[in-house]
Amino acid sequence: MMTIAVVFAYFALLFAISRWTGHQATNETFYRADRRSPWYLVAFGMVGASISGITFVSVPGMVTGIGMTYLQTCMGFIVGYVVIAFVLLPLYYRLNLTTIYSYLGQRIGKRAYQTGASFFLLSKMTGAAVRFYIVCWILMECSGLKINFFLVVIVMTALIWLYTRQGGIKTIVWTDALQTACLFGALLLIIYMVMGELGMTMQEAVTAISDSELSRVFVFDDWFSKQYFWKQFLSGAFIAIVMTGLDQDMMQKNLTCRTLHDAQKDMCTYGVAFVPANLLFLSLGVLLTLWYQQQGIALPAKGDELLTVFIQQTSSIIPLTSYIFILGMVAAAFSSADSALTALTTSFCVDICGKPNDERLRRKVHIGMAVVFVVFILLFRILNSTSVIDAIYILCSYTYGPLLGLFAFGLLTKRPANDRVVPYICVASPIACYVLDLIVGQYTDYHFGYELLMLNGLLTFLALCLTKR
């Protein structure tokens with residue numbers, strides 16, 4: 001019952017914010033927040049919005065396999081966010097865009113425009129649904145609730161729809177700030193509790209983390225390793241450009257700032273803050289491994305279970321730990337799902353239907369997207385296969401490569417392209433990358449990592465260059 005109380009008390013706060021921000025809301029409010037969002041609020045909220053519920057449990061578990069080398073990727077993110085701030089944002093603001101894919105329509109053609117939007121819709125719906133499904137499952141496992149899973153999904157999705165249906169992105173800018181505060185508040189409290197279980201002071205914890213062999217950050221001595229510095233760093237830069245700068249979900253919030261200068265300050269601040277944010281998650285992972293050693297408990301087979309097993313083991317001794325974890329997970333889940341639902345509604349109404357001013361259509365699409373979201377989650381539950389979920393994540397990662405190629409072609413060249421063949425190129429490029437990955441992995445010791453995204457974008461770019469109008 002306490003778990004249910006935590007979820008609904010949290011929702012009550014979100015709903016109160018939605019009532020305030022959604023008063024007299026129009027489509028302009030829903031899509032662009034009337035271009036009045038304070039930049040510092042957007043920056044703070046985006047840190048939490050970038051951290052899904054899966055990230056909350058996965059990043060601490062990374063240390064058992066790759067140490068803190070994920071920070072190399074996070075450092076590359078900073079370069080990517082600078083590119084977004086000073087290359088992409090000026091373009092979006094100059095064209096006064098509501099959705100970023102409408103640029104493709106102006107630069108290349110209608111088919112390129114709708115192909116880009118379609119890739120986003122597919123990737124965002126499947127990715128957001130899988131993340132939300134896993135979060136719901138983790139919450140039920142850790143809370144011990146004997147509630148029908150289908151009911152949990154329907155109720156939580158309905159809550160998200162309810163507080164986003166009026167204010168849209170304006171509401172999300174403010175709720176993201178609240179959710180980021182709750183997320184990091186929960187993270188810091190869990191770190192404090194782990195330190196208490198270990199009997200460490202803050203200084204002793206910092207020393208223990210730095211002395212641990214799991215605190216290794218840089219890898220310069222193995223070019224074949226997926227954790228090699230330049231692979232991770234450059235991939236991080238491109239991941240940030242593609243999964244933030246070319247993602248309607250993430251950019252819609254930045255486009256609500258009053259001016260371009262404000263949006264650039266927001267993006268740079270957010271980019272720098274992402275490194276210490278992930279350092280906290282990784283530090284928690286190191287402390288958790290020390291706790292397992294102290295208790296004489298074998299580390300979980302999967303890194304993702306590092307935090308959840310700790311919560312289950314200590315919840316009977318320190319019940320507050322479980323409730324804090326649930327609050328953090330709910331904050332992370334809501335902050336990623338609510339913005340995804342809003343961005344999907346925006347892209348479908350503006351990009352696919354071409355009716356940005358139709359409020360009645362927007363309300364119907366918003367409900368429809370919520371229903372499809374539930375259907376996807378329940379479908380994953382029925383399949384109940386880890387291999388299927390992994391395949392969906394791989395699919396989502398591949399769909400961003402064509403977006404990178406499309407935007408690179410538009411920005412880096414002045415060539416015309418044959419708009420009619422763009423959809424075929426954007427489908428063929430990920431397939432070619434997948435086949436290449438299989439061949440290289442079978443016949444060599446080299447294994448593709450995040451750099452496959454760059455290759456995917458490059459193939460799309462080159463194919464577009466070879467076309468003729």
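Above this text sits the structure in question.
Model, not experiment: these values are computed from the prediction. (Residues numbered from 1 in each chain as written. Predicted model: local features only at pLDDT ≥ 70, side-chain atom pairs only at ≥ 80, totals over all residues. Heavy atoms only, no water.)

**Brief notes about the overall build of the chain**
- What the chain contains, in helices and strands, is 19 helices and zero strands.
- Taking 2.2 N^0.38 as the reference for a compact globule, 469 residues should give roughly 23 Å; the C-alpha atoms of the chain span a radius of gyration of 22 Å, in line with that estimate.
- If you line up the chain on its principal axes, its C-alpha atoms span 70 × 60 × 45 Å.
- Among the 469 residues that make up the chain, the fraction classed as buried is 58%.
- For the chain, restricting intrachain contacts to residue pairs at least 6 apart in sequence, the fraction spanning at least 24 positions comes to 83%.
- Summed over all atoms, the accessible surface of the chain reaches about 19,800 Å², with 65% contributed by carbon and sulfur.
- Distance between charge centres in the chain, computed from 31 positive and 25 negative side chains, equals 15 Å. (Helix = DSSP H or I, 4+ residues; strand = E, 2+ residues; numbered from the N terminus. Rg over C-alpha atoms; globule rule 2.2 N^0.38 Å. Buried < 20%, exposed > 50% of the residue type's maximum accessible area, 1.4 Å probe, protein only. Contact = heavy atoms within 4.5 Å. Areas by Shrake-Rupley, 256 points an atom, 1.4 Å probe, with all protein chains shown as cover. Lys, Arg positive; Asp, Glu negative; His and termini not counted. Charge placed at Lys NZ, Arg CZ, Asp CG, Glu CD.)

**So, a nonpolar patch on the surface**
- Together, Val427, Ile431, Tyr434, Val435, Leu438, Ile439 and Tyr443 give the surface a local cluster of nonpolar side chains, amounting to about 720 Å² of exposed area.
- Position of isoleucine 439 relative to the elements: it lies in helix α18 (residues 422-443). (Patch = residues over 30% accessible without salt bridge, like charges linked within 9 Å, V, L, I, M, F, W, Y side chains within 5 Å. Salt bridge = Lys/Arg side-chain N within 4 Å of Asp/Glu carboxyl O.)

**Focus: unusual backbone geometry**
- In this structure, alanine 33 is a non-glycine residue whose phi angle is positive, near 55 degrees.
- Within the secondary structure, alanine 33 is located in the loop between α2 (27-32) and α3 (39-49).
- Positive phi is not limited to glycine here, since arginine 35 has a value of about 55 degrees.
- Inspection of the secondary structure assignment puts arginine 35 in the loop between α2 and α3.

**What about the packing of α3 against helix α9 (residues 169-198)?**
- Contact geometry of α3 with α9 gives a least axis separation of 7 Å together with a crossing angle of 55 degrees. Taken as axis vectors, α3 and α9 run oblique relative to one another. When you trace α3 past α9, the crossing you get is left-handed. Contact residues: Leu41, Val42, Phe44, Gly45, Val47, Gly48 and Ala49 in α3; Val173, Trp174, Asp176, Ala177, Thr180, Ala181, Leu183 and Phe184 in α9.
- Among the residues making up the contact of α3 with α9, the classes are represented as 11 nonpolar, three polar and one charged. (Axes fitted to C-alpha atoms, helices over the stretch in contact; angles between N-to-C directions. Parallel < 35°, antiparallel > 145°, perpendicular 65-115°, else oblique. Left-handed = near helix turned anticlockwise from the far one by under 90°. Nonpolar A, V, L, I, M, F, W, Y, C, P; charged D, E, K, R; others polar.)

**Considerations on the pattern of salt bridges**
- Taken as a whole, this structure holds seven salt bridges when the rule is applied.
- When the shortest N-O distance is used, the salt bridge between aspartate 249 and lysine 124 registers 3.2 Å. Residue aspartate 249 is located in helix α12 (residues 248-254), and its partner lysine 124 is located in helix α7 (residues 110-143); the two are separated by 125 residues in the primary sequence. A single burial state applies to aspartate 249 and to lysine 124, both of which are buried.
- A salt bridge links lysine 253 to aspartate 176, with the shortest nitrogen-to-oxygen separation between them at 3.1 Å. You can see lysine 253 sitting in helix α12 and its partner aspartate 176 sitting in helix α9, a full 77 residues away along the chain. Per residue, the accessibility class of lysine 253 equals that of aspartate 176, and both read buried.
- Because the salt bridges share partners, they merge into one network encompassing Lys124, Asp247 and Asp249.

**Notes on helix α11 (residues 229-245)**
- Helix length check: α11 (17 residues) gives 23 Å between terminal C-alpha atoms against 24 Å at 1.5 Å per residue, within 8%.
- Burial analysis of α11 places 13 of its 17 residues in the buried class, the great majority of the element. (Expected span 1.5 Å × (residues − 1).)

**Concerning the packing of aromatic side chains**
- Applying the stated criterion to the full structure yields 27 aromatic pairs.
- Judged by centre distance (4.9 Å) and plane angle (90 degrees), the ring pair of tryptophan 291 and phenylalanine 310 falls under edge-to-face. Placement of the pair is tryptophan 291 in helix α13 (residues 260-295) and phenylalanine 310 in helix α14 (residues 305-314), with a sequence separation of 19 residues.
- Accessibility expressed as a relative area gives 3% for tryptophan 291, which makes it buried.
- The exposure class of phenylalanine 310 is buried, given its relative accessible area of 1%.
- Taking 6.3 Å as the distance between ring centres and 85 degrees as the angle between the ring planes, the aromatic pair formed by phenylalanine 376 and phenylalanine 380 counts as edge-to-face. Linking phenylalanine 376 with phenylalanine 380, this pair stays in helix α16 (residues 359-383), spanning four residues, or about one helical turn.
- Aromatic ring contacts, followed pair by pair, group Tyr10, Phe11, Phe15, Tyr163 and Phe334 into a single cluster.
- In this arrangement the basic side chain of arginine 35 is found over the ring face of tyrosine 93, its NZ or CZ atom lying 4.6 Å from the centre.
- Lying across the ring of phenylalanine 149, arginine 381 places its NZ or CZ 4.4 Å from the centre. (Phe/Tyr/Trp six-rings, centres within 6.5 Å; stacked < 30°, edge-to-face > 60°. Lys NZ or Arg CZ within 6 Å of the ring centre and 35° of its normal.)

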